[in-house]
Amino acid sequence: MAPRASVLAIALFAALALGLVSLLGSVHLSIRSGGSGESVTVLKEHSRSLDQIRAALAEIQGKKLPPPHQVIEEPAGPRTELCLWTLHPGTIVGEVPEGTWKNCATEGGSCTCLDGRIRYGKGTRWVTSIGGTDLKCGTGAFGEDPMPGSLKECECETAPVRSDLSLEEAKKKCEEAAHTCKAVSCDRDGRCAPRSGNPFLAPDPEFSSYTKDCTALDDKPGGGLRGKHLIDGEHSIFVSVAAFRDRDAHNTLQDMFIKAKYPRRVFVGVVCQSYPEDPDCVPASWANCSLETGFCASDQLRQRKFHASKAEGPTHARALAASMYRGEDFFLMIDAHNRFVTHWDEVLIKNVRSCPSKKCVLSHYPQGLDNSEPDRPRPLGTSPGTSLDNFPTTSYLCGGEFHERSIIKNARAASVGLSNVPRPQPYTGAGLLFGPGRMIIEAPFDPHLPFLWDGEEFLYTARLWTWGYDFFSPCENILFHHYYRENQPRVWSEKTWSGGQGSPTQSASYRRLQYILEAPKRGKSEFMVPRDTSEYAVTRDLPKYGLGPLRTMDEYWKFARIDIRNRLGDPTVKEHNGFFCKKFRSGKGPYEVPPA
């Protein structure tokens, strides 16, 4: 193993041994580095009940196989990967032998393929992707047209396959196959098979499944990311947009693609919650662009549209939007009423590349937008004609506030000058959240928090932190947000819900938040929600939507300068005079957060 890889492996193994805690049944971790292909394994036995985890260091050569859609991968030499294997007893990951397919929709329809992959095309020409629910059967969802000019269809895989490999042999083959293998399934006799299907699970007592999630590591700044899903040689970006009866959503989407330097690399997942009389979330000009030969933004669109009365608040909508992610390099979440700076996509990539963390998340509350002249939007508080580009100040999400039910909520962002590198911060916000696409695989948005308004951003911050992500503010503006939308409907003011503000359903969501955050009662050692609670609304699907295994909440409270038991520390300091707001206000880095 090369010196760099050796140091990295030793450091990472030490960190795992000290602090890694599994929320799932059983976890096996392996670190593999490009090299001889021979395996060197170091095992340390752990289990959840003993607050331990099995860890392994394996030195193997990873193959580079192309991912499922029209994408390429940067050539690279040996690399080090962290692979997380999670055991799911009594389950099977759907997978089928090549050629076993069943029609599920014609072009323009939608499919639900939970037992394996989905493919789009006709005859012998197909584009294959991972399965899921309510998948759109069309060129926009799959990224390319395998047979232009012909009516195409979509098919799901069916029927599981078996193999005679041992568990370790199947895991090794799966790791070598990189992106094309998602999991390993074994029958009751211990015969195992790698599976290229997606990790959606279905009950089957005859099988056990191990789902795989690997992270490529290197010693470069900018998140430790390597190109995987490149479009025209550029990193792909998935943009999540949740819109509730929003009159400006179509303008936001239009501006997004007009201002992007490389619009072909941008894919957007829109959740449109509206009444029949509301404006469409999608620009009308996109309707007929598919008849033209040039770029068509509707090819980049994935959409979920339903009646506004079915809305359940921001977390549900964000979970639906993120479910349309299809493996792009980066994930960006924004609101539905914004205007972008010129070449915003290039600015984001530049910012994340200057980030000092291998798991870097950029986030802040964008500066305000004055949209009184729709054809000439300008920063809020400036004179007509002021450009959004090169504006001399930006915002810094450096403070929080204590909240009775949600524990912590974000404070108003501070206005600061531009910086040469991203500023570190302890919070993330939903107005702009940008990071590697794998973050919503590790920490998917929780759909089981209906009508939760305060604290949902901080809950996601905590989940990302415990998965090892570090938070930074962008060096400059990416977009501007229209905060003051007079006389426009808000999701929390609708009267059509069966649950909502102050309802038992909302109260259960707050208890779920308190349970996940392991929040103590003020001034006491006991928890706000007992750890042995059996309330389904609180504990539902927590292995998937709970805290991560790489860092603890105790470590977070210390990093963020928060005494959570006594509700003291940084969130009690007003007017942006807390630790982060004061220490990193300067625009000159590099920045270093000293130990608390």
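Details of the structure are given in the entry above.
Keep in mind it's a predicted model, so treat the numbers as computed, not measured.

This model, assessed by the stated rule, comprises 6 disulfides. The partner cysteine of Cys-104 in its disulfide is Cys-111, sulfur to sulfur 2.0 Å. On the sign convention where negative is left-handed, the bridge of Cys-104 and Cys-111, at about 90° about the S-S bond, is right-handed. Residue Cys-104 is classed as partly exposed on the basis of its relative accessible area of 28%. The class for Cys-111 is buried, based on a relative accessible area of 2%. Two residues, Cys-137 and Cys-154, share a disulfide whose sulfurs are 2.2 Å apart. Torsion about the S-S bond of the Cys-137 and Cys-154 cystine: about 105°, corresponding to right-handed handedness.

Pairing is mixed in the open sheet, where 8 strands are placed in the order S17-S16-S15-S18-S28-S20-S29-S27. Two strands bound the open sheet, and with one partner strand each, they are strand S17 (301–307) and strand S27 (423–424).

Moving on to the pattern of salt bridges. Following the criterion strictly, the structure yields 24 salt bridges and no others. Between Arg-245 and Asp-278 there is a salt bridge, and its shortest N-O distance comes to 2.8 Å. Taken together, the residues Arg-245 in the loop between strand S15 (237–244) and helix H4 (249–259) and Asp-278 in the loop between strand S16 (266–274) and S17 connect sequence positions 33 residues apart. For Asp-278, a relative accessible area of 16% puts it in the buried group. Residue Arg-551 pairs with Asp-470 through a salt bridge whose shortest N-O separation is 3.1 Å. Placement of the pair is Arg-551 in the loop between helix H11 (542–545) and helix H12 (553–559) and Asp-470 in strand S29 (residues 470–473), with a sequence separation of 81 residues.

Within strand S8 (residues 153–157), 4 of the 5 residues are buried, leaving the element largely enclosed by the surrounding structure. Pairing geometry for strand S5 (residues 101–106) and S8, over 5 bridges, is antiparallel. Each residue of the ladder has a partner; that of Asn-103, found in S8, is Glu-155.

Before going further, it helps to examine the side chain of Gln-367. Here Gln-367 is to be found in the loop between strand S20 (360–363) and strand S21 (369–370). Within the structure, the side chain of Gln-367 is placed 2.6 Å from the backbone oxygen of Thr-393, a separation counted as a polar contact. Side-chain polar atoms of Gln-367 contact the side chain of Asn-477, separated by 3.3 Å.

At Arg-561, a position not held by glycine, the phi torsion is positive, near 60°. With respect to the secondary-structure elements, Arg-561 resides in the loop between H12 and strand S31 (562–563). Positioned with a positive phi, Arg-567 is a non-glycine residue whose angle comes to about 55°.

Criteria and thresholds
Residues numbered from 1 in each chain as written. Predicted model: local features only at pLDDT ≥ 70, side-chain atom pairs only at ≥ 80, totals over all residues. Heavy atoms only, no water. Disulfide = S-S within 2.5 Å. Buried < 20%, exposed > 50% of the residue type's maximum accessible area, 1.4 Å probe, protein only. Pairing = 2+ DSSP bridges. Helix = DSSP H or I, 4+ residues; strand = E, 2+ residues; numbered from the N terminus. Salt bridge = Lys/Arg side-chain N within 4 Å of Asp/Glu carboxyl O. Polar contact = N/O pair within 3.5 Å; in protein donor to acceptor, adjacent residues only side chain to side chain.

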